[in-house]
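Residue-level structural notes
Below, each chain spelled out in residue letters.
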Amino acid sequence: MFNISDEKRKVLDTTGNLLVIGGPGSGKTTIALLKARHIIESGVLQNEQRVLFLSFARSTISRVEQHANIVLSKSIFNRLEINTYHSFTWAILKSHGYLLCSKQLRLLPPHEASARLADYDKDVDKKLEINRLFKEEGLVHFDLFARMCAKLLAKSNSLSILISETYPTIILDEFQDTNADEWAFITQLGKKSNLIVLADAEQRIYDFRGADPARIGQFIATFHPTTFDFGNENNRSNGTDIVQFGNDLLTGENRHKKYKNVQFVYYPIRKGSAQLILLKSAIIKACERLKCEDKQEWSIAVLLPSNSLMLAVSDFLERTQRFTNGAILPHIRHEVAIETAGPSIAAVLIARLIEHGSTKQCKLNQLLIDLCEHIRGRRGDKPPSKSDLAISESLVGYIKTGKIRGTKRQAIIDECNAIINNCNSLEYTGEVASDWIKVRELLLDASSDCIKQVKLDANYLRLLHRGSILNSSLSEIWRRYDNYIGAADAVKNALTQEHFATSTKTWTGVNVMTIHKAKGKEFDEVIIYEGSFPGQRFVYNEGKTEQARLNLRVAVTRAKRNAIIFTPQVNSCSLL
Ligand SMILES: Nc1ncnc2c1ncn2[C@@H]1O[C@H](COP(=O)(O)OP(=O)(O)OP(=O)(O)O)[C@@H](O)[C@H]1O
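Residues numbered from 1 in each chain as written. Predicted model: local features only at pLDDT ≥ 70, side-chain atom pairs only at ≥ 80, totals over all residues.

**With respect to the sheet that holds strand β7 (residues 194–199)**
Either a parallel or an antiparallel arrangement is found when strands of a sheet pair, and the pairing is made through backbone hydrogen bonds. Using the following cut-off: Two strands pair if DSSP finds at least two bridges between them. Only runs of H or I of at least four residues qualify as helices and only runs of E of at least two qualify as strands under DSSP, and these elements are numbered from the N terminus. To obtain each axis, a line is fitted to C-alpha atoms, and for helices this fit is confined to the stretch in contact; angles are then taken between N-to-C directions over 0 to 180 degrees.
Read across the open sheet, the 6 strands follow the order β3-β2-β6-β7-β1-β8; overall the sheet is parallel. The sheet is open, and its two borders are formed by β3 (80–84) and β8 (226–229), each paired with just one other strand. Taken pair by pair, the neighbouring strands of this sheet meet at an average axis angle of 15 degrees, ignoring direction. In this structure, strand β2 (residues 51–55) lies alongside strand β6 (residues 169–172), joined through 4 bridges in parallel fashion. Following the sheet pairing, Leu54 is matched in β6 by Leu172.

Okay, structure coming up:
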């Protein structure tokens, strides 16, 4: 099924630590899976032993799993553990964390962490608080997972032996994006297990979370691997110039050149969302092209440089546009790979309303507390704006004193009061999805931005579909007690489980996501769009031009057949 070059065959036959480097689509993941198969088939593993494949994001894992399903038979697949760093390290901490902390360790899920850390805008203060939470409260922030596991392995030889005996070979995906803590953890793992590292220095797009250009050199210096370089071999978009364009981007040679299957659209700037008309038309055409081919499954990614632009585009695709000349741009069904902090905190707020509303016990103060959590935490790792912090402080002040200044802020209190009253007088039926929607819609009438934002974020929650764990646990609560007491905890548990679940999601149809989320994935067609406002540009800061080149290269090389790049006609992207 796969043509294996001589260089790749050598990967299969070489033992010890390996470093596999190569450009996008050169076949690093594929050869790593074939290597795992080779190891498993050779019979060197004992009964309980497995090959471990570690990657960063759940979404990448799902593509690797899909790929592994094709490359490996079921019995081989069962001896391969594909996992995220988070999930793997949390499992170690849960069972052995007592060696580091006398407190009972509890997880601090990202949606709660962002609200708790909202007051710290400097990284160093945030880190101090994360350490304090661990030491004094036993609360483990995700950022501590790798660091604490590195400490554990350094401290406990028996744990280190246990892990290496379970996983004698460990494959590390996307190694170029490894941060210092993950590197410390890997260094410990590599003392007793063989490491197979997959890397492309030019796909390094996570510098902001500690990826370091020196990391590959550090691996070589520490582990003396046999190195294989697949260069620019292109298995993903063979017959196109997509990879060539991606590589030329790094040096600027791409400017004013033409590339097969890479198209540039210089769009006119229009008011508001009218600017997205050309983008939407291009997506519709791409869908038609792929549907014509009569393939069972096809995929398109619409990649955006920022989260807010992603939401605006998703909103535009969701709606139907009707023009005065009778033309129509229909709604486009699509998936959005949304940042989860905002929707998660919004979900807890709604769950609490449902929970208390079902027993007519909704209280203003609880809603205000949940609203503050949402205001402070909805931007995830990014701190809330100063004005958001001020609103949250004045709401906290109201909870304490019963007083608030300013008509806009008073309006928030009045609207929360109205929501509480409506929630307490709603008739709940036990049909989870419709009860949920009824409560969510109560937020619709609010004019205060912070309440409207909860409603908007809650719209993106995908946890309640029929048959989901959350849906069944809420139905079960209703069946037993005729109310929803415990709904908020059920939502929190579901969110945490969701975070660790290795998703089996397939990226078919139209998918809208940020460029960073596209890493490690591939799609038939990719449409990359930059807006005209400063925060929506590929080059968002002149000092970050090199990073923008890497980002754009990663984005464009996700395409198997065709890539289209949109930039404004005026003040176009300086990289094109
Ligand atoms: N030897 C091969 N023969 C045919 N197809 C291949 C071969 N190797 C990989 N492919 C296909 O090429 C595509 C890219 O391969 P793969 O994901 O392994 O590359 P990669 O180097 O890990 O890419 P990236 O770094 O961009 O994530 C996949 O669709 C895969 O099935």
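**A closer look at the pairing of strand β1 (residues 18–21)**
Put simply, the test is: Burial in this document is a count-based property: other C-beta atoms within 10 Å of a residue's C-beta are tallied, and the residue is buried at 20 or more, exposed at 12 or fewer, or partly exposed in between, with C-beta positions derived from the backbone.
Here β1 shows a buried face lined by Leu18 and Val20 and a second buried face lined by Leu19 and Ile21. Bridge count for β1 against β7 is 4 bridges, and the pairing is parallel. By the bridge assignment, Ile21 is partnered in β7 with Ala199. Two elements, β1 and β8, share 4 bridges in a ladder whose sense is parallel. Following the sheet pairing, Val20 is matched in β8 by Phe228.

**Things to note about the nonpolar core**
As a reminder of what qualifies: Nonpolar cores are built from buried Ala, Val, Leu, Ile, Met, Phe, Trp, Tyr and Cys residues. These are joined into a set through C-beta atoms within 7 Å. Annotation comment: domain bounds sourced from an automatic or database domain assignment.
Within the largest apolar cluster, 107 residues are counted, with the highest numbers of intra-cluster contacts made by Val20, Phe53, Ile171, Val197, Ile350 and Val491. If one sorts the elements of this core by residue count, helix α15 (residues 341–357) sits on top with 10 residues. Shared between two domains, this core takes at least three residues from each, and those domains are domain 1 (6–100 + 138–229) and domain 3 (340–373 + 396–502). In terms of nonpolar packing, the next biggest core, distinct from the first, is built from 53 residues, Ala286, Leu317, Val336 and Val539 among them.

**Quick notes on the domain arrangement of the protein**
Accessible area lost when the parts come together is the quantity often used to give the size of an interface. For the protein, the domain assignment lists domain 1 (6–100 + 138–229), domain 2 (241–332 + 522–568) and domain 3 (340–373 + 396–502). For domain 2 versus domain 3, the distance between C-alpha centres works out to 35 Å.

**Let's talk about the sheet that holds strand β9 (residues 262–267)**
Pairing is parallel across the open sheet formed by 6 strands, whose spatial order is β9-β16-β15-β10-β14-β13. Looking at the sheet topology across the chains shown, the edges are occupied by β9 and β13 (334–336). Put simply, the sheet's adjacent strands are angled 20 degrees from each other on average, direction ignored. Across 3 bridges, the pairing between β13 and strand β14 (residues 509–514) is parallel. For Glu335, the partnering residue across the bridge sits in β14 and is Asn511.

**What about the site of the ligand?**
Selection criterion: By definition, a residue lies near a molecule or strand provided its backbone-derived C-beta atom is within 6 Å of it. Here the nonpolar group is Ala, Val, Leu, Ile, Met, Phe, Trp, Tyr, Cys and Pro; Asp, Glu, Lys and Arg are the charged ones; every other residue, Gly included, is treated as polar.
Around the ligand, 18 residues are found, and the nearest of them are Pro24, Gly27, Thr29, Thr30 and Asn235. Residue classes in the shell around the ligand are distributed as 3 nonpolar, 11 polar and 4 charged.

**Concerning the packing of helix α21 (residues 469–481) against helix α22 (residues 487–500)**
To keep things clear, this is the line we draw: Each angle receives one of four descriptions, namely roughly parallel if under 35 degrees, roughly antiparallel if over 145, roughly perpendicular if within 65 to 115, and oblique otherwise. Whether a crossing is left-handed or right-handed is set by the direction in which the near helix is turned from the far one by less than a right angle, anticlockwise for left-handed and clockwise for right-handed. Distance between backbone-placed C-beta atoms decides contact: two residues are in contact if it is within 7 Å.
Following both chains from N to C, one finds α21 and α22 inclined at 160 degrees, their axes separated by 10 Å at the closest point. One way to sum up the angle between α21 and α22 is to call them roughly antiparallel. You can see that α21 and α22 cross each other, and the crossing is right-handed. Packed against α21, whose contacting residues are Ile469, Leu470, Ser473, Leu474 and Ile477, the element α22 presents Ala487, Ala490, Val491, Ala494 and Gln497 at the interface. Taken together, the residues of the contact of α21 with α22 sort by class into 8 nonpolar, 2 polar and no charged.

**Some remarks on the UniProt feature "binding site: ATP" (unreviewed entry) in the protein**
Put simply, the rule reads: UniProt positions are given in the numbering used here, feature names are shortened, and annotations may be inferred rather than shown by experiment.
When the UniProt feature table is mapped onto this chain numbering, "binding site: ATP" (unreviewed entry) sits at Gly22, Gly23, Pro24, Gly25, Ser26, Gly27, Lys28 and Thr29. Mapped onto the secondary structure, Gly22 falls in the loop between β1 and α2 (28–41). Those residues within four positions of Gly22 in sequence are excluded, and the remaining contacts are Gly27, Lys28, Asp200, Asp229, Phe230, Gly231 and Glu233. Along the polypeptide, Thr29 turns up in helix α2. What makes Thr29 buried here is the crowd of 24 C-beta atoms within 10 Å. Dropping the residues within four chain positions of it, Thr29 is found in contact with Val64, His67, Asp173 and Leu198.

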